[in-house]
Amino acid sequence: MTTISPSARFRKSSPFSQKASNVAKSLIPIVICLTVALGIWQLLCLAPDSKMPGPLRVIAQTWTLILDPFYDNGGTDKGLGLQILISLQRVAFGYSLAAIAGISIGAFIGLNSFMRRGLDPIIQVLRTVPPLAWLPIALGIFQSSDPATIFVIFITAIWPILINTAVGVQQIPQDYNNVAKVLRLSGKEYFFSILMPSTVPYVFGGLRIGIGLAWLAIVAAEMLKAEGGIGFKIWDAYNAGNENSMSEIVICVLYVGLVGLALDRLVGWIGSRISSDH
Amino acid sequence: MQILSTPDSQSQLVETPSFLEIDGVSKIYSTPKGDNVVLDDISLTVNEGEFVCVIGHSGCGKSTLLDMVSGFREPTSGEVRLQGKRVTRPGPDRMVVFQNYSLLPWKTAYENVYLAVNSVYPEKSKAEKTEIVRTHLTMVGLDEAANKKPGQLSGGMKQRVSIARALAIYPQVLVLDEPFGALDAITKEELQEELLNIWRQHKVTVLMITHDIDEALFLADRIVMMTNGPAAKIGEIMKVPFDRPRNRTQLIEDPQYYTLRNQALDFLYGRFALTEGE
Ligand SMILES: Nc1ncnc2c1ncn2[C@@H]1O[C@H](COP(=O)(O)OP(=O)(O)OP(=O)(O)O)[C@@H](O)[C@H]1O
Ligand SMILES: [Mg+2]
């Protein structure tokens with residue numbers, strides 16, 4: 001069902017020069033603003049006793065880390081790329097579980113008004129619990145930091161996915177349900193031909209919010225309790241307390257932001273590809 | 001002289017077992033402001049293979065009446081029987097062509113029709129089902145657009161797909177609720193002719209709502225004219241005696257055409273007021 005929408009095809013066939021000028025048009029403001037922001041940052045940190053390094057010093061002090069993201073000296077002494085991969089692995093695991101459980105439960109309560117009314121208050125309470133409040137509970141249950149952090153990801157990401165799926169299922173247009181009724185579609189056919197495609201845009205809305213929350217939660221959880229991971233690395237650099245610490249933290253935080261953006265765009269892109277023909 | 005007044009002449013027909021029977025059907029909607037009697041004790045028998053058009057002013061209950069034949073609504077009293085069997089819910093033996101087409105936007109024209117065929121004839125082989133879908137898309141002149149999604153089709157083409165989908169499952173009764181209301185005059189005439197051709201080939205029984213007297217005279221064997229609501233009844237049933245296949249230009253040269261047309265107009269805009277005042 002993943003097909004290229006007509007509009008996407010038209011976009012591809014548009015003249016190259018026009019495309020290039022469009023790219024330039026959207027890049028120029030970004031480049032200008034970024035330069036100005038970096039300039040202000042550099043100026044603010046010019047004082048010799050500044051605790052916060054300016055951008056130039058950050059790069060100078062972390063140049064080896066940037067150049068060699070995949071070194072592995074054993075234990076938790078790893079390159080930033082590897083640390084990010086560790087975090088991503090945890091997110092992938094917890095987030096996948098959240099997606100599977102969230103979509104299934106969401107579809108179920110979307111179709112079943114009794115369960116919806118019964119579970120709504122529980123969901124409304126649980127979804128407002130901050131991610132880190134789950135960590136002690138998870139540690140208590142699993143007695144180990146790895147499954148505990150994965151659980152935190154799961155429990156953080158599941159709510160928007162679940163709620164959006166339930167809403168999406170309820171929004172299925174009456175017209176399509178009428179078609180299903182008159183054709184007496186089987187449960188399986190109804191699921192794959194009507195329920196899933198008409199709910200996909202809602203589900204991906206939830207998945208997109210979920211991945212953002214998952215990434216927020218993993219960094220925080222790793223700072224508190226984890227072996228490896230980019231959150232761990234930030235805390236580790238802080239605890240090391242040497243002259244490079246601040247620069248390392250800054251570069252890690254920057255990476256966290258970039259990866260978070262990439263994840264958000266990735267889920268958004270997959271969603272737009274799948275639901276492009278709506 | 002072709003007009004039969006409903007209650008008496010219909011009760012004579014009921015004696016012989018009929019194909020489709022609407023038997024003493026009333027519909028009352030309970031609203032906060034009290035009961036709203038929409039249809040009051042309507043009886044109508046339709047023969048197999050007959051083409052019946054229903055005409056009446058907006059809001060008189062035409063859709064409600066046909067929805068009780070297709071099974072989307074239940075009569076408050078009375079019942080609808082198809083071949084002696086009481087209608088209780090929608091089913092593919094009484095297929096509907098919805099006014100807003102109700103095609104699934106994520107499926108191509110071909111896939112929309114295939115979904116219907118596949119769900120009604122699961123025992124047929126894939127080759128057979130494919131053949132049925134192709135034949136019906138050809139019938140409505142949509143060979144070329146078979147792989148387009150509804151978003152890429154014009155209103156007329158969408159309604160063609162909808163008609164192809166309805167007929168591809170070989171229903172006993174075809175229910176159309178103002179199928180051509182949203183189309184331009186030329187497309188409308190084309191589709192009327194296609195519908196007549198298919199109707200002849202399939203020998204299907206048709207119940208169709210329209211606001212257009214010329215459309216009804218061109219298509220129908222009988223025109224059911226409903227009185228104004230609330231508590232609408234069948235005011236008159238007009239037999240349309242023209243030979244088939246009908247030719248539009250010949251038809252409008254026939255003096256009888258104008259006699260019938262004037263009678264229908266008179267009912268809707270003249271005597272109709274009398275019926276209301278009773
Ligand atoms: N679910 C409902 N609850 C209450 N009243 C309803 C409901 N559905 C329809 N009605 C009322 O029943 C009457 C008949 O409606 P219906 O849609 O059958 O009319 P119609 O003849 O098809 O009109 P139109 O030509 O505009 O389509 C209207 O007055 C409408 O307000
Ligand atoms: Mg109507």
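The present account deals with the structure reproduced in this document. (Residues numbered from 1 in each chain as written. Chains lettered and ligands numbered in written order. Predicted model: local features only at pLDDT ≥ 70, side-chain atom pairs only at ≥ 80, totals over all residues. Heavy atoms only, no water.)

## Some points on the overall build of chain B
Counting secondary structure elements, chain B contains nine helices and eleven strands. Over its C-alpha trace chain B gives a radius of gyration of 19 Å, about what one expects of a compact globule, namely 19 Å for 278 residues. Dimensions along the principal axes, computed over C-alpha positions, put chain B at roughly 55 × 45 × 40 Å. Taking all 278 residues of chain B together, 53% fall into the buried category. (Helix = DSSP H or I, 4+ residues; strand = E, 2+ residues; numbered from the N terminus. Rg over C-alpha atoms; globule rule 2.2 N^0.38 Å. Buried < 20%, exposed > 50% of the residue type's maximum accessible area, 1.4 Å probe, protein only.)

## A look at the site of ligand 1
Residue and element names in this part refer to chain B. As a structural note, the neighbourhood of ligand 1 is formed by Tyr 29, Val 38, Ser 58, Gly 59, Cys 60, Gly 61, Lys 62, Ser 63, Thr 64, Arg 73, Glu 178 and His 211. Contact distances for ligand 1 include 3.3 Å between a nitrogen atom and a side-chain N or O atom of Tyr 29. In this structure, Gly 59 approaches ligand 1 through a main-chain N or O atom, which is 2.8 Å from an oxygen atom. Alone, ligand 1 offers 640 Å² of accessible surface; in the complex the protein occludes 60% of this. In terms of residue count, helix H2 (residues 62–70) provides more of the shell around ligand 1 than any other element does, three residues in total. Tallied by class, residues from the shell around ligand 1 come to three nonpolar, six polar and three charged. (Near = heavy atom within 4 Å. Polar contact = N/O pair within 3.5 Å; in protein donor to acceptor, adjacent residues only side chain to side chain. Areas by Shrake-Rupley, 256 points an atom, 1.4 Å probe, with all protein chains shown as cover. Nonpolar A, V, L, I, M, F, W, Y, C, P; charged D, E, K, R; others polar.)

## As for the sheet that holds strand S5 (residues 77–82) of chain B
Residue and element names in this part refer to chain B. Reading across from one edge, S3-S2-S5-S6 is the order of the four strands in this open sheet, with antiparallel pairing throughout. The open sheet is flanked by strand S3 (34–46) and strand S6 (85–86), the only strands paired with a single partner. Summarising the sheet, strand S2 (residues 20–31) and S5 pair through five bridges and their orientation is antiparallel. In the sheet register, Ser 26 faces S5, and the bridge partner there is Ser 77. (Pairing = 2+ DSSP bridges.)

## Describing the pairing of S5 of chain B
Across two bridges, the pairing between S5 of chain B and S6 of chain B is antiparallel. Bridge pairing in S6 of chain B places Arg 81 of chain B opposite Arg 86 of chain B.

## Comments concerning the interface of chain B and chain A
The interface of chain B with chain A comprises 25 residues on the first partner and 18 residues on the second. Taking both sides of the interface into account, the surface hidden between chain B and chain A amounts to around 1,900 Å²; carbon and sulfur atoms contribute 64%. Applying the counting rule to chain B against chain A returns zero salt bridges. Those elements giving two or more residues to the side of chain B that touches chain A turn out to be strand S7 (94–97) and helix H3 (109–120) of chain B. The greatest single-element share of the side of chain B that touches chain A, amounting to five residues, is contributed by H3 of chain B. (Contact = heavy atoms within 4.5 Å. Buried area = accessible area lost by both parts, 1.4 Å probe. Salt bridge = Lys/Arg side-chain N within 4 Å of Asp/Glu carboxyl O.)

## Structural notes on helix H8 (residues 174–183) of chain A
Of all ten residues in H8 of chain A, seven are buried, a share of seventy percent or more. Within H8 of chain A, the full set of buried residues consists of Tyr 176, Asn 177, Asn 178, Val 179, Ala 180, Val 182 and Leu 183 of chain A. Against the buried residues of H8 of chain A lie helix H9 (187–224) of chain A together with S7, H3 and helix H5 (155–168) of chain B. Once H8 of chain A ends, the next one or two residues include Arg 184 of chain A, with phi positive near 50°.

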